[in-house]
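The chain contents come next:
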Amino acid sequence: KVLTLCGGVSFGPQIGSLEHGAHIIVGTPGRIQQHLRKGSLVLDGLNTLVLDEADRMLDMGFSEDVMEIASQLPKARQTAFFTATMTRRVLDFADELLTEPAKIEIAAQTAKHENIEQQAIFVDDIDHKRRLVRHILSQPDVKQAIVFVATKRDCDTLADELIVDGIRADALHGDMQQRDRTRTLTRLRSGQTEVLVATDVAARGIDVAGISHVINFDLPRFAEDYVHRIGRTGRAGA
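Residues numbered from 1 in each chain as written. Predicted model: local features only at pLDDT ≥ 70, side-chain atom pairs only at ≥ 80, totals over all residues. Heavy atoms only, no water.

**Q** Sorry, what's going on with helix 5 (residues 88-97) here?
**A** Along an α-helix, a turn takes 3.6 residues, which lines up residues three or four apart on a common side. Inspection of helix 5 places Val90, Phe93, Ala94 and Leu97 among the buried residues, and these make up the whole buried set. Relative to the axis of helix 5, the buried residues are bounded by an arc of 100° and lie together on one face. In helix 5, the exposed residues that point more than 90 degrees away from the buried face are Arg88, Asp95 and Glu96. Looking at the buried side of helix 5, the elements it contacts are strand 3 (48-51), helix 3 (54-59), helix 4 (63-71) and strand 4 (78-81). (Buried < 20%, exposed > 50% of the residue type's maximum accessible area, 1.4 Å probe, protein only. Helix = DSSP H or I, 4+ residues; strand = E, 2+ residues; numbered from the N terminus. Arc of directions from axis to C-beta. Contact = heavy atoms within 4.5 Å.)

**Q** Please explain the pairing of strand 5 (residues 144-148) as it appears in this structure.
**A** A regular strand places its side chains on the two faces of the sheet in alternate fashion. Judged by how many residues are buried, strand 5 sits mostly within the fold: five of five residues are covered. Residues of strand 5 alternate between two faces, with Gln144, Ile146 and Phe148 on one and Ala145 and Val147 on the opposite face, all of them buried. Relative to strand 8 (residues 211-216), strand 5 runs parallel, the two being bridged by five bridges. Bridge pairing in strand 8 links Gln144 to Ile211. In terms of strand pairing, strand 5 meets strand 7 (residues 195-198) through four bridges, oriented parallel. Within the sheet, the bridge partner assigned to Ala145 lies in strand 7 and is Val195. (Pairing = 2+ DSSP bridges.)

Here you go:
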(Lines give C-alpha, C1' and ligand atoms only; values in the text may rest on other atoms or scores of the structure.)
Protein backbone atom coordinates (compact mmCIF):
# COMPACT_ATOMS: atom_id res chain seq x y z
CA LYS A 1 0.00 0.00 0.00
CA VAL A 2 1.52 3.27 -1.17
CA LEU A 3 0.20 6.57 0.17
CA THR A 4 0.97 10.05 -1.22
CA LEU A 5 1.24 12.99 1.19
CA CYS A 6 1.69 16.35 -0.54
CA GLY A 7 0.46 19.90 -0.11
CA GLY A 8 -2.20 21.60 -2.18
CA VAL A 9 -4.91 19.11 -1.19
CA SER A 10 -7.05 18.88 1.94
CA PHE A 11 -5.93 17.02 5.07
CA GLY A 12 -9.13 15.04 5.61
CA PRO A 13 -8.72 12.28 2.99
CA GLN A 14 -5.01 11.93 3.85
CA ILE A 15 -5.75 11.46 7.56
CA GLY A 16 -8.41 8.88 6.69
CA SER A 17 -5.94 6.97 4.51
CA LEU A 18 -3.24 7.12 7.20
CA GLU A 19 -5.60 5.50 9.70
CA HIS A 20 -5.66 2.41 7.44
CA GLY A 21 -1.86 2.24 7.40
CA ALA A 22 0.66 2.16 4.54
CA HIS A 23 3.80 0.24 3.63
CA ILE A 24 5.33 3.15 1.71
CA ILE A 25 4.69 6.89 2.06
CA VAL A 26 5.76 9.20 -0.76
CA GLY A 27 5.58 12.80 0.36
CA THR A 28 6.83 16.36 0.33
CA PRO A 29 8.71 17.61 3.42
CA GLY A 30 6.21 20.32 4.35
CA ARG A 31 3.14 18.09 4.37
CA ILE A 32 4.93 15.25 6.19
CA GLN A 33 5.96 17.76 8.87
CA GLN A 34 2.38 18.94 9.26
CA HIS A 35 1.09 15.38 9.75
CA LEU A 36 3.85 14.64 12.27
CA ARG A 37 2.92 17.75 14.28
CA LYS A 38 -0.78 16.86 14.17
CA GLY A 39 -0.03 13.32 15.31
CA SER A 40 -1.79 11.84 12.28
CA LEU A 41 1.49 10.33 11.08
CA VAL A 42 3.52 8.06 13.35
CA LEU A 43 6.85 6.80 12.02
CA ASP A 44 8.10 4.74 14.97
CA GLY A 45 8.20 1.62 12.80
CA LEU A 46 9.98 3.21 9.85
CA ASN A 47 13.03 1.27 8.62
CA THR A 48 13.95 3.07 5.35
CA LEU A 49 14.17 6.78 4.49
CA VAL A 50 14.71 7.74 0.84
CA LEU A 51 15.57 11.31 -0.16
CA ASP A 52 15.05 11.79 -3.89
CA GLU A 53 16.32 14.89 -5.73
CA ALA A 54 18.36 15.86 -2.65
CA ASP A 55 20.19 18.63 -4.55
CA ARG A 56 16.84 20.10 -5.62
CA MET A 57 15.57 19.97 -2.03
CA LEU A 58 18.56 22.08 -0.98
CA ASP A 59 17.93 24.57 -3.81
CA MET A 60 14.32 24.93 -2.64
CA GLY A 61 15.33 25.49 1.00
CA PHE A 62 14.03 22.21 2.44
CA SER A 63 17.16 21.18 4.36
CA GLU A 64 15.85 22.28 7.78
CA ASP A 65 12.51 20.56 7.17
CA VAL A 66 14.25 17.32 6.21
CA MET A 67 16.52 17.47 9.27
CA GLU A 68 13.51 18.03 11.56
CA ILE A 69 11.72 15.02 10.04
CA ALA A 70 14.87 12.87 10.34
CA SER A 71 15.21 13.80 14.02
CA GLN A 72 11.85 12.11 14.68
CA LEU A 73 12.70 8.85 12.93
CA PRO A 74 14.16 5.69 14.46
CA LYS A 75 17.98 5.82 14.66
CA ALA A 76 18.20 2.23 13.41
CA ARG A 77 17.17 2.75 9.79
CA GLN A 78 18.60 2.73 6.30
CA THR A 79 18.84 6.11 4.57
CA ALA A 80 19.25 6.39 0.79
CA PHE A 81 20.22 9.72 -0.71
CA PHE A 82 19.71 10.37 -4.45
CA THR A 83 21.21 13.42 -6.15
CA ALA A 84 22.04 14.45 -9.72
CA THR A 85 24.88 16.75 -8.60
CA MET A 86 27.41 16.15 -5.82
CA THR A 87 28.41 19.66 -4.74
CA ARG A 88 30.13 20.54 -1.45
CA ARG A 89 26.77 21.70 -0.12
CA VAL A 90 25.14 18.37 -1.00
CA LEU A 91 28.04 16.45 0.59
CA ASP A 92 27.69 18.46 3.82
CA PHE A 93 23.96 17.70 3.84
CA ALA A 94 24.71 14.01 3.32
CA ASP A 95 27.22 14.01 6.19
CA GLU A 96 24.50 15.24 8.56
CA LEU A 97 22.08 12.48 7.57
CA LEU A 98 24.22 9.46 6.68
CA THR A 99 26.58 7.25 8.67
CA GLU A 100 29.55 5.76 6.78
CA PRO A 101 27.53 5.52 3.56
CA ALA A 102 28.39 3.40 0.55
CA LYS A 103 28.73 5.69 -2.47
CA ILE A 104 27.29 4.54 -5.79
CA GLU A 105 27.99 6.65 -8.89
CA ILE A 106 26.27 6.10 -12.22
CA ALA A 107 28.07 7.33 -15.35
CA ALA A 108 26.75 10.67 -16.57
CA GLN A 109 24.40 10.56 -19.56
CA THR A 110 24.55 14.30 -20.19
CA ALA A 111 25.81 14.18 -23.78
CA LYS A 112 23.55 11.41 -25.10
CA HIS A 113 20.86 13.43 -26.88
CA GLU A 114 21.63 12.47 -30.49
CA ASN A 115 17.93 12.55 -31.39
CA ILE A 116 17.54 16.18 -30.35
CA GLU A 117 18.54 19.01 -32.68
CA GLN A 118 19.67 22.02 -30.63
CA GLN A 119 19.76 25.65 -31.72
CA ALA A 120 21.00 28.87 -30.10
CA ILE A 121 19.02 31.91 -31.23
CA PHE A 122 20.39 35.38 -30.46
CA VAL A 123 17.87 38.10 -29.62
CA ASP A 124 18.00 41.90 -29.42
CA ASP A 125 15.80 42.41 -26.36
CA ILE A 126 12.89 40.91 -24.41
CA ASP A 127 10.26 42.03 -26.98
CA HIS A 128 12.26 40.44 -29.79
CA LYS A 129 12.50 37.26 -27.70
CA ARG A 130 8.71 37.16 -27.21
CA ARG A 131 8.08 37.70 -30.92
CA LEU A 132 10.51 34.91 -31.80
CA VAL A 133 8.82 32.49 -29.38
CA ARG A 134 5.43 33.20 -30.97
CA HIS A 135 6.95 32.77 -34.44
CA ILE A 136 8.51 29.40 -33.55
CA LEU A 137 5.31 28.14 -31.95
CA SER A 138 3.31 29.03 -35.08
CA GLN A 139 5.39 26.69 -37.28
CA PRO A 140 3.55 23.62 -38.63
CA ASP A 141 6.13 21.13 -37.28
CA VAL A 142 5.46 22.20 -33.67
CA LYS A 143 3.03 19.61 -32.30
CA GLN A 144 3.35 20.31 -28.58
CA ALA A 145 5.99 22.43 -26.86
CA ILE A 146 7.32 23.30 -23.41
CA VAL A 147 8.66 26.83 -22.86
CA PHE A 148 10.93 27.13 -19.82
CA VAL A 149 11.10 30.41 -17.90
CA ALA A 150 12.98 31.44 -14.77
CA THR A 151 10.20 32.84 -12.55
CA LYS A 152 6.61 32.05 -11.62
CA ARG A 153 5.49 35.55 -12.59
CA ASP A 154 7.02 35.29 -16.09
CA CYS A 155 5.43 31.85 -16.38
CA ASP A 156 1.91 33.24 -15.89
CA THR A 157 2.58 36.35 -18.00
CA LEU A 158 3.92 34.47 -21.03
CA ALA A 159 1.16 31.85 -20.88
CA ASP A 160 -1.47 34.64 -20.86
CA GLU A 161 0.19 36.36 -23.85
CA LEU A 162 0.16 33.11 -25.84
CA ILE A 163 -3.52 32.54 -25.01
CA VAL A 164 -4.30 36.05 -26.33
CA ASP A 165 -2.51 35.02 -29.57
CA GLY A 166 -4.91 32.09 -29.91
CA ILE A 167 -2.50 29.39 -28.69
CA ARG A 168 -3.84 26.80 -26.26
CA ALA A 169 -1.29 27.45 -23.49
CA ASP A 170 -1.08 26.58 -19.79
CA ALA A 171 1.29 27.64 -17.00
CA LEU A 172 2.93 25.20 -14.57
CA HIS A 173 4.90 26.41 -11.54
CA GLY A 174 5.51 25.73 -7.86
CA ASP A 175 2.88 28.16 -6.49
CA MET A 176 -0.01 26.22 -8.04
CA GLN A 177 -2.28 23.96 -5.98
CA GLN A 178 -1.62 20.26 -6.54
CA ARG A 179 -5.06 19.68 -8.08
CA ASP A 180 -4.39 22.50 -10.60
CA ARG A 181 -0.99 21.02 -11.51
CA THR A 182 -2.60 17.60 -12.02
CA ARG A 183 -5.34 19.11 -14.19
CA THR A 184 -2.75 20.98 -16.28
CA LEU A 185 -0.66 17.85 -16.87
CA THR A 186 -3.79 15.88 -17.80
CA ARG A 187 -4.63 18.50 -20.44
CA LEU A 188 -1.07 18.31 -21.77
CA ARG A 189 -1.11 14.51 -22.00
CA SER A 190 -4.52 14.48 -23.72
CA GLY A 191 -3.37 17.02 -26.31
CA GLN A 192 -5.74 19.78 -25.18
CA THR A 193 -2.73 21.96 -24.29
CA GLU A 194 -0.45 22.92 -27.18
CA VAL A 195 2.16 24.85 -25.18
CA LEU A 196 3.17 24.43 -21.55
CA VAL A 197 5.01 27.39 -20.00
CA ALA A 198 6.88 26.03 -16.97
CA THR A 199 9.56 26.65 -14.37
CA ASP A 200 12.25 24.05 -13.65
CA VAL A 201 10.78 23.13 -10.26
CA ALA A 202 7.44 22.17 -11.79
CA ALA A 203 8.76 20.44 -14.89
CA ARG A 204 10.83 17.64 -13.34
CA GLY A 205 9.52 14.25 -14.45
CA ILE A 206 7.15 15.41 -17.21
CA ASP A 207 6.97 12.43 -19.58
CA VAL A 208 4.75 13.23 -22.57
CA ALA A 209 5.70 11.52 -25.82
CA GLY A 210 4.11 14.24 -28.00
CA ILE A 211 6.48 17.06 -27.00
CA SER A 212 8.18 18.03 -30.29
CA HIS A 213 9.91 21.25 -29.15
CA VAL A 214 11.49 22.68 -26.01
CA ILE A 215 12.22 26.43 -25.85
CA ASN A 216 14.57 27.83 -23.22
CA PHE A 217 13.03 31.31 -22.91
CA ASP A 218 15.38 31.82 -19.94
CA LEU A 219 18.60 29.86 -19.57
CA PRO A 220 18.77 27.59 -16.52
CA ARG A 221 21.18 28.25 -13.66
CA PHE A 222 22.81 24.81 -13.89
CA ALA A 223 23.96 22.72 -16.86
CA GLU A 224 22.17 19.65 -15.44
CA ASP A 225 18.87 21.53 -15.63
CA TYR A 226 19.45 22.23 -19.32
CA VAL A 227 19.89 18.49 -19.90
CA HIS A 228 16.68 17.73 -17.98
CA ARG A 229 14.82 20.38 -19.97
CA ILE A 230 15.76 19.28 -23.47
CA GLY A 231 15.17 15.65 -22.46
CA ARG A 232 11.43 16.42 -22.41
CA THR A 233 11.54 15.99 -26.20
CA GLY A 234 13.18 13.28 -28.33
CA ARG A 235 11.42 10.62 -26.26
CA ALA A 236 10.54 7.05 -27.23
CA GLY A 237 12.84 7.18 -30.28
CA ALA A 238 11.36 10.42 -31.65
